[in-house]
Amino acid sequence: MPRVIPYIESIQYDGTNARYICGTWADVELASEDEAGMVVNFVGDVVIPTLIPPGFWLVKSHPFPAEFAIKSPAQYAAQYVELTPEAVTP
């Protein structure tokens, strides 16, 4: 019996890649960025500003690029196993 996994992407905010994350990787608005981290705005019926510290991971599943989970490095390591692209490409 084959094992299947849902498609999930992740990216780590390293303190320098906020514009890429907000402009390309996810459909969220970058509100601000400083040494404490980046603040993104989840925009819907209500704008919800959310702080993401450097080193934290953002995890999303398609087709909802504006919806992602924020995980500390410890949470990410405990909950996910990374696969190489070769491991999932038919």
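Structure's up top.
First, a word on scope: everything that follows refers to the structure included in this document. The shown structure was predicted, so the numbers you read here are calculated from the model rather than taken from an experiment.

Things to note about the side chain of T50
Alright, step 1. Locating T50 in the fold gives a position in strand 4 (residues 48-52).
Alright, step 2. Residue T50 is classed as buried on the basis of its relative accessible area of 18%.
Alright, step 3. At 3.5 Å, the side chain of T50 forms a polar contact with the backbone oxygen of I48.

Observations concerning the environment of K71
Alright, step 1. Along the chain, K71 turns up in strand 6 (residues 68-71).
Alright, step 2. Here the alpha-carbon distance between K71 and N17, two residues 54 residues apart in the chain, equals 16 Å.
Alright, step 3. For K71, the contacting residues outside a window of four places in its chain are F56, W57, V59, Y76, Q79 and Y80.

Remarks on the environment of N17
Alright, step 1. The residue N17 is located in the loop between strand 1 (8-12) and helix 1 (18-25) in this model.
Alright, step 2. Exposure remark for N17: the relative accessible area of 14% places this residue in the buried category.
Alright, step 3. Taking C-alpha positions, N17 is 9.7 Å from P54, a pair spaced 37 residues apart along the chain.
Alright, step 4. Those residues within four positions of N17 in sequence are excluded, and the remaining contacts are I11 and Q12.

Rules behind the numbers
Residues numbered from 1 in each chain as written. Predicted model: local features only at pLDDT ≥ 70, side-chain atom pairs only at ≥ 80, totals over all residues. Heavy atoms only, no water. Helix = DSSP H or I, 4+ residues; strand = E, 2+ residues; numbered from the N terminus. Buried < 20%, exposed > 50% of the residue type's maximum accessible area, 1.4 Å probe, protein only. Polar contact = N/O pair within 3.5 Å; in protein donor to acceptor, adjacent residues only side chain to side chain. Contact = heavy atoms within 4.5 Å.

Keep in mind these numbers describe shape, not what the thing actually does.
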